[in-house]
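Listed below are the residues making up each chain.
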Amino acid sequence: MSSDRVRITEVGPRDGLQNEKRVLPTAQKLKFIEALAAAGLQDIELGSLVRPDKVPQMADSETIAAKWGRKSKLRRAWVLVPNSKGLDRAIATRVRDIAVFTAVSETFNRKNIGLSVSESLAELAHVVHRARKNGMRVRGYVSTAYFCPFEGPIKPRQALRILEKILELGVEEVSVGDTIGAATPRDIDRLLTPAFALLGGPTRFAGHFHDTRGTALANTLRALELGMRSFDASAGGLGGCPFAPGAAGNLATEDLLYLLDGMGMKTGVDLARVCRASLALRKAMSGQGAMAPIRSRYLASTIGAGRSRTP
(Lines give C-alpha, C1' and ligand atoms only; values in the text may rest on other atoms or scores of the structure.)
Protein backbone atom coordinates (compact mmCIF):
# COMPACT_ATOMS: atom_id res chain seq x y z
CA MET A 1 0.00 0.00 0.00
CA SER A 2 1.40 3.36 -0.98
CA SER A 3 -0.29 5.49 1.69
CA ASP A 4 -1.85 5.10 5.12
CA ARG A 5 -4.28 8.02 4.66
CA VAL A 6 -7.88 7.19 3.74
CA ARG A 7 -10.65 9.70 2.94
CA ILE A 8 -14.21 8.84 3.94
CA THR A 9 -17.21 10.47 2.30
CA GLU A 10 -20.11 10.24 4.74
CA VAL A 11 -23.31 9.63 2.78
CA GLY A 12 -25.70 9.03 5.69
CA PRO A 13 -27.64 12.33 5.48
CA ARG A 14 -28.50 11.60 1.84
CA ASP A 15 -27.97 8.03 0.71
CA GLY A 16 -28.59 6.77 4.23
CA LEU A 17 -31.86 8.58 4.90
CA GLN A 18 -33.39 8.58 1.40
CA ASN A 19 -34.79 5.08 1.81
CA GLU A 20 -36.47 5.77 5.18
CA LYS A 21 -40.23 6.10 4.71
CA ARG A 22 -40.87 8.40 7.67
CA VAL A 23 -39.52 11.88 6.94
CA LEU A 24 -37.16 13.18 9.58
CA PRO A 25 -37.55 16.84 10.65
CA THR A 26 -35.01 19.23 9.16
CA ALA A 27 -33.74 20.25 12.60
CA GLN A 28 -32.85 16.66 13.41
CA LYS A 29 -31.04 16.19 10.12
CA LEU A 30 -29.00 19.32 10.87
CA LYS A 31 -28.08 17.91 14.29
CA PHE A 32 -27.02 14.67 12.64
CA ILE A 33 -24.76 16.50 10.21
CA GLU A 34 -23.33 18.62 13.03
CA ALA A 35 -22.49 15.48 15.01
CA LEU A 36 -20.85 13.83 12.01
CA ALA A 37 -18.74 16.90 11.34
CA ALA A 38 -17.76 17.06 15.03
CA ALA A 39 -16.55 13.45 14.71
CA GLY A 40 -14.03 14.62 12.12
CA LEU A 41 -15.81 13.73 8.89
CA GLN A 42 -14.78 16.35 6.34
CA ASP A 43 -16.67 15.13 3.27
CA ILE A 44 -20.41 14.86 3.91
CA GLU A 45 -23.24 14.35 1.44
CA LEU A 46 -25.93 16.74 2.65
CA GLY A 47 -28.90 15.90 0.47
CA SER A 48 -30.29 15.58 -3.02
CA LEU A 49 -32.01 18.09 -5.27
CA VAL A 50 -34.46 15.61 -6.72
CA ARG A 51 -38.23 15.92 -7.07
CA PRO A 52 -39.80 15.89 -3.59
CA ASP A 53 -42.65 13.67 -4.77
CA LYS A 54 -40.13 11.02 -5.84
CA VAL A 55 -37.97 11.13 -2.68
CA PRO A 56 -39.90 13.02 0.06
CA GLN A 57 -37.05 12.62 2.55
CA MET A 58 -34.95 14.99 0.42
CA ALA A 59 -37.52 17.80 0.15
CA ASP A 60 -35.55 20.03 2.55
CA SER A 61 -32.15 19.55 0.90
CA GLU A 62 -31.97 23.18 -0.25
CA THR A 63 -32.55 24.39 3.31
CA ILE A 64 -29.84 22.07 4.63
CA ALA A 65 -27.42 22.98 1.86
CA ALA A 66 -27.96 26.68 2.49
CA LYS A 67 -26.98 26.18 6.14
CA TRP A 68 -24.07 23.79 5.62
CA GLY A 69 -22.89 24.17 2.04
CA ARG A 70 -20.37 26.91 2.83
CA LYS A 71 -19.30 26.02 6.38
CA SER A 72 -15.52 26.11 6.53
CA LYS A 73 -15.28 23.08 8.85
CA LEU A 74 -16.18 20.76 5.95
CA ARG A 75 -13.70 20.07 3.17
CA ARG A 76 -16.54 19.13 0.85
CA ALA A 77 -20.31 19.49 1.39
CA TRP A 78 -21.87 17.47 -1.42
CA VAL A 79 -25.38 17.79 -2.83
CA LEU A 80 -26.64 15.28 -5.38
CA VAL A 81 -27.88 16.91 -8.60
CA PRO A 82 -29.83 14.70 -11.04
CA ASN A 83 -30.20 17.05 -14.00
CA SER A 84 -30.15 20.66 -15.25
CA LYS A 85 -33.17 21.62 -13.15
CA GLY A 86 -31.42 20.30 -10.08
CA LEU A 87 -28.33 22.31 -11.01
CA ASP A 88 -30.47 25.48 -11.27
CA ARG A 89 -31.57 24.87 -7.68
CA ALA A 90 -27.98 24.24 -6.60
CA ILE A 91 -26.80 27.48 -8.17
CA ALA A 92 -29.63 29.40 -6.51
CA THR A 93 -28.67 27.88 -3.16
CA ARG A 94 -25.00 28.79 -3.78
CA VAL A 95 -23.84 25.21 -3.35
CA ARG A 96 -20.11 24.68 -3.93
CA ASP A 97 -19.94 20.89 -4.29
CA ILE A 98 -22.28 18.74 -6.37
CA ALA A 99 -22.45 15.05 -7.25
CA VAL A 100 -23.89 13.68 -10.47
CA PHE A 101 -24.83 10.12 -11.27
CA THR A 102 -25.54 7.55 -13.91
CA ALA A 103 -25.58 3.76 -14.07
CA VAL A 104 -23.99 1.05 -16.15
CA SER A 105 -27.25 -0.88 -16.49
CA GLU A 106 -29.76 0.42 -19.02
CA THR A 107 -32.73 -1.04 -17.14
CA PHE A 108 -31.70 0.42 -13.79
CA ASN A 109 -31.02 3.83 -15.32
CA ARG A 110 -34.45 3.98 -16.93
CA LYS A 111 -36.20 2.93 -13.73
CA ASN A 112 -34.11 5.34 -11.65
CA ILE A 113 -34.14 8.53 -13.74
CA GLY A 114 -36.20 7.69 -16.83
CA LEU A 115 -33.28 7.99 -19.27
CA SER A 116 -31.05 5.63 -21.19
CA VAL A 117 -27.39 5.57 -20.18
CA SER A 118 -26.37 7.56 -23.26
CA GLU A 119 -29.14 10.10 -22.63
CA SER A 120 -28.10 10.51 -19.01
CA LEU A 121 -24.44 11.01 -19.99
CA ALA A 122 -25.47 13.70 -22.49
CA GLU A 123 -27.46 15.45 -19.74
CA LEU A 124 -24.55 15.16 -17.31
CA ALA A 125 -22.19 16.72 -19.86
CA HIS A 126 -24.29 19.92 -19.75
CA VAL A 127 -24.60 19.79 -15.96
CA VAL A 128 -20.88 19.32 -15.34
CA HIS A 129 -19.92 22.02 -17.86
CA ARG A 130 -22.26 24.57 -16.27
CA ALA A 131 -21.28 23.59 -12.76
CA ARG A 132 -17.59 24.05 -13.44
CA LYS A 133 -18.28 27.42 -15.10
CA ASN A 134 -19.98 28.39 -11.83
CA GLY A 135 -16.92 27.39 -9.84
CA MET A 136 -18.40 24.18 -8.43
CA ARG A 137 -16.52 20.98 -7.69
CA VAL A 138 -18.16 17.89 -9.20
CA ARG A 139 -18.10 14.27 -8.08
CA GLY A 140 -19.52 11.40 -10.12
CA TYR A 141 -21.41 8.26 -9.11
CA VAL A 142 -21.64 5.20 -11.32
CA SER A 143 -24.26 2.75 -10.04
CA THR A 144 -24.63 -0.96 -10.87
CA ALA A 145 -20.94 -1.22 -11.75
CA TYR A 146 -20.82 -4.90 -10.73
CA PHE A 147 -24.40 -6.19 -10.61
CA CYS A 148 -27.85 -4.92 -11.57
CA PRO A 149 -31.05 -5.96 -9.77
CA PHE A 150 -32.74 -6.36 -13.17
CA GLU A 151 -29.97 -7.45 -15.56
CA GLY A 152 -27.73 -9.48 -13.26
CA PRO A 153 -23.91 -9.49 -13.52
CA ILE A 154 -22.30 -6.56 -15.32
CA LYS A 155 -19.32 -7.26 -17.57
CA PRO A 156 -16.21 -5.29 -16.52
CA ARG A 157 -15.69 -3.90 -20.02
CA GLN A 158 -19.26 -2.53 -19.93
CA ALA A 159 -18.55 -0.73 -16.65
CA LEU A 160 -15.14 0.49 -17.84
CA ARG A 161 -16.75 2.22 -20.79
CA ILE A 162 -19.09 4.21 -18.52
CA LEU A 163 -16.32 5.01 -16.02
CA GLU A 164 -14.21 6.40 -18.85
CA LYS A 165 -17.05 8.50 -20.21
CA ILE A 166 -17.93 10.08 -16.87
CA LEU A 167 -14.27 10.86 -16.15
CA GLU A 168 -14.05 12.57 -19.52
CA LEU A 169 -16.76 14.99 -18.35
CA GLY A 170 -14.30 16.50 -15.86
CA VAL A 171 -15.43 15.16 -12.46
CA GLU A 172 -13.02 15.16 -9.49
CA GLU A 173 -13.46 11.45 -8.80
CA VAL A 174 -15.86 8.65 -9.60
CA SER A 175 -17.55 6.63 -6.88
CA VAL A 176 -17.89 3.09 -8.22
CA GLY A 177 -21.06 1.54 -6.84
CA ASP A 178 -21.92 -2.01 -5.86
CA THR A 179 -25.53 -0.89 -5.71
CA ILE A 180 -27.13 -4.13 -4.51
CA GLY A 181 -24.20 -5.46 -2.49
CA ALA A 182 -23.66 -8.54 -4.66
CA ALA A 183 -19.97 -8.11 -5.49
CA THR A 184 -17.16 -10.17 -4.00
CA PRO A 185 -13.40 -9.37 -3.91
CA ARG A 186 -12.95 -11.23 -7.21
CA ASP A 187 -15.42 -8.83 -8.84
CA ILE A 188 -13.51 -5.89 -7.36
CA ASP A 189 -10.31 -7.23 -8.94
CA ARG A 190 -11.92 -7.74 -12.32
CA LEU A 191 -13.10 -4.14 -12.56
CA LEU A 192 -10.73 -2.00 -10.52
CA THR A 193 -7.46 -3.51 -11.75
CA PRO A 194 -8.07 -2.51 -15.39
CA ALA A 195 -9.78 0.73 -14.35
CA PHE A 196 -6.72 1.85 -12.40
CA ALA A 197 -4.38 0.77 -15.21
CA LEU A 198 -6.33 2.38 -18.05
CA LEU A 199 -8.06 5.39 -16.50
CA GLY A 200 -5.46 7.27 -14.48
CA GLY A 201 -4.86 5.27 -11.31
CA PRO A 202 -6.70 4.70 -8.02
CA THR A 203 -6.75 8.39 -6.96
CA ARG A 204 -9.50 9.02 -9.51
CA PHE A 205 -11.90 6.57 -7.85
CA ALA A 206 -13.81 5.89 -4.65
CA GLY A 207 -15.48 2.70 -3.47
CA HIS A 208 -19.20 2.64 -2.71
CA PHE A 209 -20.13 -0.76 -1.27
CA HIS A 210 -23.44 -2.01 0.07
CA ASP A 211 -23.49 -4.77 2.67
CA THR A 212 -26.51 -6.75 1.50
CA ARG A 213 -24.61 -10.04 1.53
CA GLY A 214 -22.00 -9.14 4.13
CA THR A 215 -19.16 -8.56 1.66
CA ALA A 216 -18.71 -4.78 1.94
CA LEU A 217 -15.68 -4.93 4.26
CA ALA A 218 -14.07 -7.73 2.25
CA ASN A 219 -14.50 -5.65 -0.89
CA THR A 220 -13.10 -2.60 0.87
CA LEU A 221 -10.04 -4.54 1.95
CA ARG A 222 -9.40 -5.76 -1.59
CA ALA A 223 -9.82 -2.24 -2.97
CA LEU A 224 -7.34 -0.99 -0.35
CA GLU A 225 -4.85 -3.62 -1.45
CA LEU A 226 -5.24 -2.40 -5.03
CA GLY A 227 -4.45 1.18 -3.94
CA MET A 228 -7.88 2.80 -3.47
CA ARG A 229 -7.88 5.36 -0.66
CA SER A 230 -11.35 6.92 -0.89
CA PHE A 231 -14.56 5.23 0.32
CA ASP A 232 -18.20 6.13 0.86
CA ALA A 233 -19.91 5.01 4.05
CA SER A 234 -23.11 5.66 5.98
CA ALA A 235 -23.32 6.11 9.76
CA GLY A 236 -25.19 3.20 11.33
CA GLY A 237 -25.23 1.37 8.00
CA LEU A 238 -28.35 3.26 6.93
CA GLY A 239 -29.31 3.29 3.32
CA GLY A 240 -30.43 1.47 0.27
CA CYS A 241 -31.85 2.57 -3.04
CA PRO A 242 -35.58 3.20 -3.58
CA PHE A 243 -35.18 2.03 -7.19
CA ALA A 244 -33.08 -1.10 -6.55
CA PRO A 245 -35.04 -4.05 -5.12
CA GLY A 246 -33.04 -5.86 -2.45
CA ALA A 247 -30.44 -3.15 -1.92
CA ALA A 248 -29.80 -3.13 1.82
CA GLY A 249 -27.76 -0.59 3.74
CA ASN A 250 -24.49 1.03 2.80
CA LEU A 251 -21.20 0.02 4.33
CA ALA A 252 -21.45 1.31 7.91
CA THR A 253 -19.07 4.14 8.76
CA GLU A 254 -18.41 2.54 12.15
CA ASP A 255 -17.42 -0.80 10.59
CA LEU A 256 -15.17 0.91 8.06
CA LEU A 257 -13.47 2.95 10.78
CA TYR A 258 -12.94 -0.12 12.97
CA LEU A 259 -11.24 -1.89 10.05
CA LEU A 260 -9.08 1.10 9.11
CA ASP A 261 -8.13 1.92 12.70
CA GLY A 262 -7.12 -1.70 13.26
CA MET A 263 -4.92 -1.59 10.16
CA GLY A 264 -3.18 1.59 11.30
CA MET A 265 -4.73 3.68 8.53
CA LYS A 266 -5.33 7.38 9.19
CA THR A 267 -8.77 8.96 8.66
CA GLY A 268 -8.97 11.84 11.15
CA VAL A 269 -12.38 10.51 12.26
CA ASP A 270 -13.33 9.60 15.84
CA LEU A 271 -15.11 6.22 15.89
CA ALA A 272 -16.78 6.78 19.27
CA ARG A 273 -18.26 10.09 18.14
CA VAL A 274 -19.65 8.55 14.97
CA CYS A 275 -21.29 5.87 17.11
CA ARG A 276 -22.91 8.52 19.27
CA ALA A 277 -24.16 10.37 16.19
CA SER A 278 -25.76 7.16 14.87
CA LEU A 279 -27.40 6.36 18.19
CA ALA A 280 -28.75 9.90 18.54
CA LEU A 281 -30.26 9.68 15.06
CA ARG A 282 -31.81 6.31 15.85
CA LYS A 283 -33.35 7.75 19.02
CA ALA A 284 -34.74 10.72 17.07
CA MET A 285 -36.22 8.43 14.44
CA SER A 286 -37.84 6.23 17.07
CA GLY A 287 -39.43 9.38 18.47
CA GLN A 288 -40.94 9.96 15.04
CA GLY A 289 -42.55 6.53 15.10
CA ALA A 290 -39.88 4.65 13.16
CA MET A 291 -36.96 2.76 14.65
CA ALA A 292 -33.97 2.98 12.33
CA PRO A 293 -32.28 -0.43 12.03
CA ILE A 294 -28.70 -0.74 13.20
CA ARG A 295 -26.83 -2.40 10.37
CA SER A 296 -23.39 -1.58 11.73
CA ARG A 297 -21.89 -4.73 13.20
CA TYR A 298 -19.54 -2.68 15.36
CA LEU A 299 -22.31 -0.50 16.75
CA ALA A 300 -24.61 -3.46 17.38
CA SER A 301 -21.83 -5.23 19.27
CA THR A 302 -21.25 -2.26 21.57
CA ILE A 303 -24.95 -2.07 22.36
CA GLY A 304 -25.08 -5.80 23.00
CA ALA A 305 -22.15 -5.45 25.38
CA GLY A 306 -23.99 -2.78 27.35
CA ARG A 307 -21.82 0.07 26.11
CA SER A 308 -24.38 1.88 23.99
CA ARG A 309 -23.88 5.26 25.65
CA THR A 310 -20.15 5.52 25.08
CA PRO A 311 -18.86 3.03 22.51
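Note that this is a predicted model, so its numbers are computed, not measured.

S.K.: Honestly, the pattern of salt bridges in this entry has me stumped. Any pointers?
M.R.: When the charged atoms of two side chains with opposite charge come close together, those side chains can pair. This structure, assessed with the given rule, holds 18 salt bridges. For D88, the salt bridge goes to R130, with nearest N and O atoms at 2.8 Å. In this pair, D88 sits in helix α4 (residues 84-93) while R130 sits in helix α6 (residues 117-133), placing the two residues 42 residues apart along the sequence. Taking the relative accessible area as the measure of exposure, D88 reaches 40% and is therefore partly exposed. On the accessibility criterion, R130 (30% relative accessible area) is partly exposed. In this structure, D97 and R137 form a salt bridge, with 2.6 Å as the shortest nitrogen-oxygen distance. Of this pair, D97 sits in strand β4 (residues 97-103) while R137 is found in strand β5 (residues 137-143), placing the two residues 40 residues apart along the sequence. Taking relative accessible area as the criterion, D97 reaches 0% and is therefore assigned buried. Taken together, the shared-partner salt bridges in this structure form one network comprising R7, D43, R75, R139, E173 and D232.

S.K.: How should the side chain of R76 be read in this particular structure?
M.R.: Assignment of secondary structure puts R76 in strand β3 (residues 76-80). R76 gets classed as buried once you look at its relative accessible area, which sits at 11%. At 3.4 Å, the side chain of R76 forms a polar contact with the side chain of E172. Apart from residues no more than four positions distant in its own chain, R76 is found in contact with Q42, D43, I44, D97, R137 and E172.

S.K.: Can you walk me through the environment of G177 in this structure?
M.R.: With respect to the secondary-structure elements, G177 resides in strand β8 (residues 174-178). Between the C-alpha atom of G177 and that of Y146, which follows or precedes it by 31 residues, the distance is 7.5 Å. Sequence-distant contacts of G177, defined by excluding residues within four places in its chain, comprise V142, S143, T144, A145, Y146 and H208.

S.K.: How do you make sense of the pairing of β4 when you look at a structure like this?
M.R.: Taken residue by residue, a regular strand's side chains alternate between the two faces of the sheet. By the criterion of burial, β4 is predominantly enclosed, with seven of the seven residues buried. Burial of β4 is two-sided: the residues D97, A99, F101 and A103 facing one way and the residues I98, V100 and T102 facing the other way are all buried. Note: β3 against β4, three bridges, orientation parallel. Bridging from a neighbouring strand, L80 pairs with A99 of β4. The handedness of the β3 to β4 crossover, carried by α4, is right-handed. Of the strand pairs in this sheet, β4 and β5 are connected by seven bridges, and their pairing is parallel.

Reading guide: rules and limits
- Residues numbered from 1 in each chain as written.
- Predicted model: local features only at pLDDT ≥ 70, side-chain atom pairs only at ≥ 80, totals over all residues.
- Heavy atoms only, no water.
- Salt bridge = Lys/Arg side-chain N within 4 Å of Asp/Glu carboxyl O.
- Helix = DSSP H or I, 4+ residues; strand = E, 2+ residues; numbered from the N terminus.
- Buried < 20%, exposed > 50% of the residue type's maximum accessible area, 1.4 Å probe, protein only.
- Polar contact = N/O pair within 3.5 Å; in protein donor to acceptor, adjacent residues only side chain to side chain.
- Contact = heavy atoms within 4.5 Å.
- Pairing = 2+ DSSP bridges.
- Right-handed = clockwise from strand over helix to strand, strands pointing away.

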